[in-house]
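Topology and contacts: notes
Take a look at the letters that make up each chain.
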Amino acid sequence: TGVNTSSFVVSPELVVANFTHFVIFTASSFAEQTTPSSHLFFDMSASVTNISFVDQDLDDMELGGTIQWQEPAHVLRVTSFAIHLSVGAVGSGRSPLIDGRRVPVGDNEVQMQPEVALSDFTHLVVYTSSLFVEQTTPASLEVVDIDSFVSNV
């Protein structure tokens, strides 16, 4: 990018398409190098799987209970997980659970306190995060609200 520059920053979420390498050319005012140096990069993807939740809050339109998931197979660059309710599987209109706290790698369950309003939410979503960025498309589970009532008392 400039004279005497020996590093550059790659923005998170850079679309890599089918590319596999960075190539670096040196140039002068006369010509550009014909054989560049190259660096193979690794584009990592990590999502949780097997999200489970059984509603233990017996009130209609309220949730509560344990949310569990299986960590990605490779968590080398994963630092935490964020749990939200959302309007749809891709995280639209999301609202953080557990007071917005992130769950560290190594923990694969959280307790949702009872009486969390379901409102228009339809899914639980879990995002993985690295030191640089949060995953753009979460893993999701459709929420089933279980209610119970007594009659003929």
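Preceding this section is the structure that the text describes.
For clarity, every value in this text was computed on a predicted model and none was experimentally measured. (Residues numbered from 1 in each chain as written. Predicted model: local features only at pLDDT ≥ 70, side-chain atom pairs only at ≥ 80, totals over all residues. Heavy atoms only, no water.)

1. Remarks on the nonpolar core
Soluble globular proteins: nonpolar side chains tend toward being buried together. Within the largest apolar cluster, 22 residues are counted, with the highest numbers of intra-cluster contacts made by Ile67, Trp69, Phe81, Ile83 and Leu124. When residues of this core are traced back to their parent elements, those giving at least two are strand 3 (49-53), strand 4 (62-70), strand 5 (80-86), strand 8 (109-117) and strand 9 (123-129). Each residue touching isoleucine 83, except ones within four places of it in the same chain, is listed here: Ile67, Trp69, Ser95, Pro96, Leu97, Ile98, Val103, Val110, Val125 and Val126. (Core = buried A, V, L, I, M, F, W, Y, C linked by side-chain atoms within 4.5 Å. Buried < 20%, exposed > 50% of the residue type's maximum accessible area, 1.4 Å probe, protein only. Helix = DSSP H or I, 4+ residues; strand = E, 2+ residues; numbered from the N terminus. Contact = heavy atoms within 4.5 Å.)

2. Details of unusual backbone geometry
For alanine 17, which is not a glycine, the phi torsion comes out positive at approximately 50 degrees. Checked against the element boundaries, alanine 17 lands in the segment before strand 1 (21-24). Judged by its relative accessible area of 59%, alanine 17 is exposed.

3. Quick word on the sheet that holds strand 3
Working definition: the strands of a sheet are paired by backbone hydrogen bonds and lie parallel or antiparallel to each other. Taken in spatial order, the 3 strands make up an open sheet running 3-4-8, and their pairing is antiparallel. Across the chains shown, the open sheet's two edge strands, defined by having one partner strand only, are strand 3 and strand 8. Sheet twist, expressed as the mean angle between neighbouring strand axes with direction ignored, is 20 degrees. Bridge analysis of strand 4 against strand 8 gives 6 bridges, and the strand direction is antiparallel. Residue pairing in the sheet places glycine 65 in a bridge with methionine 112 of strand 8. (Pairing = 2+ DSSP bridges. Axes fitted to C-alpha atoms, helices over the stretch in contact; angles between N-to-C directions.)

4. Examining the pairing of strand 9
Where burial is concerned, most of strand 9 is hidden: 7 out of the 7 residues are buried. Bridging between strand 9 and strand 10 (residues 139-142) involves 4 bridges; their strand directions are antiparallel. Bridging from a neighbouring strand, leucine 124 pairs with leucine 141 of strand 10.

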